[in-house]
Number of protein chains: 2
Amino acid sequence: MLHALSSPRLFRIRPWQPDSGVAMSASETSTPMNVNENEEQGLLDAINDRYGGVIVEVTQPMDSALFASVLSASMAQWRQQGKRGVWIKLPIQHVNLVEAAVKEGFWYHHAEPNYMMLVHWLPQGAHTLPANASHRVGIGAFVMNKNREVLVVQENIGRLRGTGVWKFPTGVVNEGEDLCAAAVREVKEETAIDTKFVQVLAFRQSHKVFFEKSDIFFLCLLEPLSFEIQKQESEIEAAKWMPIEEYAAQPFVQKYELLKCSVDICLAKKDGNYSGFSPVLTSSAFSNEKSYMYFNIHDLNKQ
Amino acid sequence: MLHALSSPRLFRIRPWQPDSGVAMSASETSTPMNVNENEEQGLLDAINDRYGGVIVEVTQPMDSALFASVLSASMAQWRQQGKRGVWIKLPIQHVNLVEAAVKEGFWYHHAEPNYMMLVHWLPQGAHTLPANASHRVGIGAFVMNKNREVLVVQENIGRLRGTGVWKFPTGVVNEGEDLCAAAVREVKEETAIDTKFVQVLAFRQSHKVFFEKSDIFFLCLLEPLSFEIQKQESEIEAAKWMPIEEYAAQPFVQKYELLKCSVDICLAKKDGNYSGFSPVLTSSAFSNEKSYMYFNIHDLNKQ
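This structure is a prediction, so every number in the text was calculated from the model and none was measured.

Looking at the sheet that holds strand E3 (residues 85-91) of chain A
All names here are of chain A. Pairing is mixed across the open sheet formed by 5 strands, whose spatial order is E1-E2-E3-E5-E4. In this open sheet, the two strands that pair with only one neighbour each are strand E1 (47-48) and strand E4 (107-112). When E4 meets strand E5 (residues 115-121), the two strands line up antiparallel, connected through 5 bridges. Across the sheet, His110 pairs through a bridge with Met117, a residue of E5. Each of strand E2 (54-57), E3 and E5 is contacted by helix H1 (residues 64-80), which is oriented at about 155° to E3, the strand it contacts most.

Spelled out as structure tokens, the structure:
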């Protein structure tokens, strides 16, 4: 049930919900459980979330001293009402209000280029607020043609620049992007080769890769649908088809278990009976949209 | 090569590097490529990153007007030097400086409870700065005893509260935490059952689960090492061992492909020859620490 917006307000209400819970739910259309009945002048307009907290989204410019006073009065009311988490979404154009919120006891929950989300926990004791996103997700693409040549690139940015190392195309999965789509996209961007996603062959989780964040890297098998390479100008120094044995023999590949093991897995996939995880679109609880589940279809089907 | 700190400064220098690149690297000890030689009064102290940018970490209180003027002068110098990305790490106690940075053209890159990271891109054209963490990672634990009973819980928070649905223990993987360790931890926290991690049986990626962030959920097989359940008070309403057939027969499980498919996979694992991905500690490039790689060991070993 969406809240019908009433006459002019300082703060627009938008249905949105933090989710403290578990990852079994896919994208959903959030609906507020109910709405804040208090709309007297001098209090922030807010909606209730399903965890006993409230959410404020500032959408209009405001003087920081006025905001401080209105926020303070609102906090008193929310405390009285037994509210738990208080969320304030501040678009970057209202950066002048950040300091007042922090002075009121709020801290940073997360930020994106165009907004900051602040939060405060009113009850006694440790908060049960959901954590910020913790991982970056990357893919590496194993693409081999019929001549047993793999698609490899040399990068002109990052740590391998100038080292002469040939590597699989790799890249970062965007927020909201399926990793199977990301693998196809990255190969296309870096080499202009069209591919079809087949399987996740392995993955690796590592830590403190990027700020304090962790990282999951998926090694993916893709089948080439085209063969003429055109390298990306901005990030790729060179790209070519290289015999897999030549790729594997590079000292850089031989030196690191991760890369060596990846080659063994790729060869087991191509020459043997290695089963990775294949993507299957599935519906899940709490969701209107389907999402990809990856599992060993080969083994499941042979039962 | 670490920069030797010189006499009192407004801004402490800390070696730290954004990484635009690829996920093949695990945790590493970052070292600055070189350091900013400019330490005249009136300019921010910064270190160079390996991508042609600079990093400033504010560690001392400062008047916001003074900061604005020093930042402005520093920006002029960095522009002249052809610098690319400019990063400012502002601990929350220096929140008074956020507005000045935004007025200078900085935007939010990310935030954690105790600090905000602002960034600016000096060259013409689109920036090549690394994205913020995009995913939350969760686990679900399939734990079955010798009587073919699975460990299940009812939650007293979140969407399933009060629904009577019995589910596998689930939880969120912390920043910096191995997912195999997170699975064991969550089962222990929710039920007091000790377990040993065996395999990832499947995973699911979904989107817009939490703010605009995506989510990867790993279905994991764990072997129970103890059997006496003691439920967690704060989040768990009830916990018990339940015959797998009874778990599977729940309408909630039957209704959703994801859950139904998960049961099929779990049974194929227990009764058939389903191979998931097992964790193996491996070394990787750029890293001093080992990290877990997950793959189909069974199939790799049979080659």
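Things to note about the packing of aromatic side chains
Counted according to the given criterion, the structure contains 22 aromatic pairs over all chains. Considering the side-chain rings of Phe197(A) and Tyr294(A), the 6.5 Å spacing of their centres and the 85° angle between planes classify their relative orientation as edge-to-face. With Phe197(A) in strand E9 (residues 195-210) and Tyr294(A) in strand E13 (residues 291-295), the pair connects residues that are 97 residues apart, well separated along the chain. Considered together, Phe197(A) and Tyr294(A) belong to a single accessibility category, that of buried residues. Pairing Tyr294(A) with Phe203(B) gives two aromatic rings, centres 4.6 Å apart and planes at 10°, and the pair type is stacked. Residue Tyr294(A) is located in strand E13, and its partner Phe203(B) is located in strand E9 (residues 195-210); the two belong to separate chains. The ring of Tyr115(A) carries the charged tip of Lys89(A) above its face, separated from the ring centre by 4.4 Å.

A closer look at the relation of the copies chain A and chain B
Expressed as a screw transformation, the operator carrying chain A onto chain B has a rotation angle of 180° and an axial translation of 0.0 Å, and the superposed copies differ by an RMSD of 0.1 Å. Classification of the inter-copy transformation places it as that of a two-fold axis. Taken as a fraction of all interface residues of chain A, those also at the interface in chain B reach 100%, which identifies the copy contact as same-surface.

A word on the interface of chain A and chain B
Listed as interface residues are 107 residues of chain A and, on the opposing side, 107 residues of chain B. Surface buried jointly by chain A and chain B totals about 9,800 Å² across both partners, of which 63% is contributed by carbon and sulfur atoms. Taken as a group, Tyr108(A), Arg159(A) and Phe211(A) account for 9% of the area that chain A buries against chain B, more than any other trio of residues on that side. In this structure, the salt-bridge partner of Glu112(A) is Lys213(B), at a minimum N-O distance of 2.6 Å. Per element, the largest residue contribution to the side of chain A that touches chain B is 11 residues, and it comes from E9(A).

Some remarks on the environment of Ala182(A)
Note that Ala182(A) resides in helix H3 (residues 179-191). For the pair Ala182(A) and Gln93(A), spaced 89 residues apart in sequence, the C-alpha separation works out to 32 Å.

Thresholds applied
Along each chain, the written sequence defines residue order, and numbers are assigned to residues from 1. A letter from A marks each chain and a number from 1 marks each ligand, given out in the order of writing. Restriction of local features to residues with pLDDT of at least 70 applies here, the model being predicted, together with a cutoff of 80 or more for giving and counting side-chain atom pairs; totals for whole chains, interfaces and linings are based on all residues. Remark: hydrogens and water are excluded; side-chain values derive from all non-hydrogen atoms of the structure. Only strands joined by at least two bridges in the DSSP assignment are considered to pair. The numbering of helices and of strands both runs from the N terminus, where a helix is a DSSP run of H or I of at least 4 residues and a strand a run of E of at least 2. Two residues form a contact once any of their heavy atoms are found within 4.5 Å. The convention used is that axes are lines fitted to C-alpha atoms, helices contributing only their stretch in contact, and that angles between N-to-C directions extend from 0 to 180 degrees. Only centres within 6.5 Å qualify two rings of Phe, Tyr or Trp (six-membered ring in Trp) as a pair; their planes then separate them into stacked at under 30 degrees, edge-to-face at over 60, and tilted for everything else. Exposure is judged per residue with a 1.4 Å probe applied to protein chains only, and the accessible area is read against the type maximum: over 50% gives exposed, under 20% gives buried, and values in between give partly exposed. For a Lys NZ or an Arg CZ to count as sitting over a ring, it must be within 6 Å of the ring centre and within 35 degrees of the ring normal. When the copies are superposed, the least-squares fit draws on C-alpha atoms of residues that have pLDDT of at least 70 in both. By buried area we mean how much accessible surface two parts lose on assembly, using a 1.4 Å probe and totalling the loss over both. Basic side-chain nitrogens of Lys or Arg form a salt bridge, by our definition, when they fall within 4 Å of a carboxyl oxygen of Asp or Glu.

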